[in-house]
Amino acid sequence: MIGNTIGLIALALGWRRSILTWPAQLLSGVILIAAYASAHLSGGVGKQLLVIGVAAWGWHQWSRGRQQAQDGSIAVRFASWKERGLLLGGAALGTLAVGGLFTLYPALSWSPWADAYIFVGTLVAMVAQARGLVEFWFAWLLVDLVGVPLAFSSGLAFSGLVYVIYFALVLWGMRDWWLRTRTPALEGALT
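Just so it is clear, the structure is predicted and the values come from calculations on it, not from any experiment. (Residues numbered from 1 in each chain as written. Predicted model: local features only at pLDDT ≥ 70, side-chain atom pairs only at ≥ 80, totals over all residues. Heavy atoms only, no water.)

**Q** Whenever I open this one, the overall build of the protein confuses me. Can you help?
**A** Helices and strands together make up the secondary structure of the protein, namely seven helices and zero strands. Starting at the N terminus and ending at the C terminus, the protein contains elements arranged as α-α-α-α-α-α-α. Counting the 191 residues in the protein, one finds 46% classified as buried. Expressed as a percentage of contacts within the protein between residues at least 6 apart in sequence, the contacts between residues at least 24 apart total 66%. Carbon and sulfur atoms provide 71% of the accessible area of the protein, an area that totals close to 10300 Å². (Helix = DSSP H or I, 4+ residues; strand = E, 2+ residues; numbered from the N terminus. Buried < 20%, exposed > 50% of the residue type's maximum accessible area, 1.4 Å probe, protein only. Contact = heavy atoms within 4.5 Å. Areas by Shrake-Rupley, 256 points an atom, 1.4 Å probe, with all protein chains shown as cover.)

As structure tokens, then:
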């Protein structure tokens, strides 16, 4: 519960384009590692180690580019078509690879393909977030569309509730980032 709650806080901080989103994601990952390790779920531990690695990279990315926006926050933009292709290709290949691994080693996941989709989608979303891409919100939306019903059908009501809250935050964050991409163009039109 604590790890998932901190994950919610990290998403809300990401919506606000606060660099604190990354340490919150790191802390969430560390807590979830402890939870998975205590439950002897080695697959969950491995997944969280990768999430922590991407969060550390994202923190570095945002630290380097912090002053890109006029208000001192992280500048956001839409991905180029090439970047979108790389994100989609990475998501598809990653899901196939991870789903195959989870199928070969059933102890790593109780639902190999859905779990692979959610895990790889999470990594894709984090990479897009680290790059300040609005598409990060679309990736989270696609993860939630599978994560919410899977959590509830698996009897994980708290995780399902967390995903529902994620879904609402994703919609608000998507709108905010989308509008921020239009602000410079609108300001230029007014002068």
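That covers the picture; the talk isn't over yet.
**Q** Would you mind going over the packing of helix α5 (residues 112-130) against helix α6 (residues 135-153) with me for this structure?
**A** A packed helix pair is summarised by two numbers, namely the angle formed by the two axes and the spacing between the axes. For the pair α5 and α6, the least separation of the axes is 8 Å and the interaxial angle reads 155°. What the angle tells us is that α5 and α6 run roughly antiparallel. Handedness of the crossing formed by α5 with α6: left-handed. Every residue of α6 that contacts α5 at A114, Y117, I118, G121, T122, V124, A125, A128 and Q129 is listed here: F136, A139, W140, L142, V143, V146, G147 and L150. When grouped by side-chain class, the residues that make up the contact of α5 with α6 number 13 nonpolar, four polar and no charged. (Axes fitted to C-alpha atoms, helices over the stretch in contact; angles between N-to-C directions. Parallel < 35°, antiparallel > 145°, perpendicular 65-115°, else oblique. Left-handed = near helix turned anticlockwise from the far one by under 90°. Nonpolar A, V, L, I, M, F, W, Y, C, P; charged D, E, K, R; others polar.)

**Q** How should the pattern of salt bridges be read in this particular structure?
**A** For side chains bearing opposite charge, pairing can occur when the charged atoms are close. Inspection of the entire model under this criterion finds six salt bridges. The residue R17 makes a salt bridge to D176 at a minimum N-O spacing of 3.6 Å. With R17 in the loop between α1 (2-15) and α2 (21-38) and D176 in helix α7 (residues 157-190), the pair connects residues that are 159 residues apart, well separated along the chain. For R17, a relative accessible area of 8% puts it in the buried group. (Salt bridge = Lys/Arg side-chain N within 4 Å of Asp/Glu carboxyl O.)

**Q** Explain the packing of aromatic side chains to me, please; I cannot follow it from the model alone.
**A** Aromatic ring pairs are reported here in terms of the distance separating the ring centres and the angle at which the planes meet. Throughout the structure, instances matching the rule amount to 10 aromatic pairs. Pairing F78 with W178 gives two aromatic rings, centres 5.1 Å apart and planes at 85°, and the pair type is edge-to-face. Here W178 lies in helix α7 and F78 lies in the loop between α3 (42-64) and α4 (81-104), a separation of 100 residues in the sequence. Among the residues examined, F78 registers a relative accessible area of 28% and is labelled partly exposed. For the ring pair F136 and W137, a centre distance of 4.2 Å and an interplane angle of 50° mean the geometry is tilted. Exposure remark for F136: the relative accessible area of 0% places this residue in the buried category. (Phe/Tyr/Trp six-rings, centres within 6.5 Å; stacked < 30°, edge-to-face > 60°.)

**Q** Looking at this model, I keep getting lost on the nonpolar core. Mind explaining?
**A** One broad trend across soluble globular proteins is that nonpolar side chains are buried collectively. If you look at the biggest cluster of nonpolar residues, it comprises 47 residues, and the most contacted ones within it are L11 and F136. Those elements giving two or more residues to this core turn out to be α1, α2, α3, α4, α5, α6 and α7. What F136 contacts, discounting residues up to four positions off in sequence, is L11, A125, A128, Q129 and W177. (Core = buried A, V, L, I, M, F, W, Y, C linked by side-chain atoms within 4.5 Å.)

**Q** What's the story with a nonpolar patch on the surface in this structure? I'm lost.
**A** Together, M1, F152, F158, L161, V164 and I165 make up an exposed nonpolar region whose accessible area comes to about 550 Å². Following the sequence through the fold, L161 ends up in helix α7. (Patch = residues over 30% accessible without salt bridge, like charges linked within 9 Å, V, L, I, M, F, W, Y side chains within 5 Å.)

**Q** Quick question: what am I supposed to make of the layout of surface pockets here?
**A** By volume, the largest pocket amounts to about 1200 Å³. Counting residues per element, the ones that place at least two in the lining of the largest pocket are α1, α2, α3, α5, α6 and α7. It is α2 that provides the largest number of residues to the lining of the largest pocket, a total of eight residues. Class assignment of the residues belonging to the lining of the largest pocket gives a composition of 24 nonpolar, 17 polar and two charged. (1 Å grid on protein atoms, 1.4 Å probe; cavity = no way out; pocket = protein on both sides within 12 Å on 5 of 7 lines; lining within 4 Å. Points joined across faces, edges and corners; volume = space filled by probe spheres on them.)

By themselves, these are just geometric observations and shouldn't be taken as functional.
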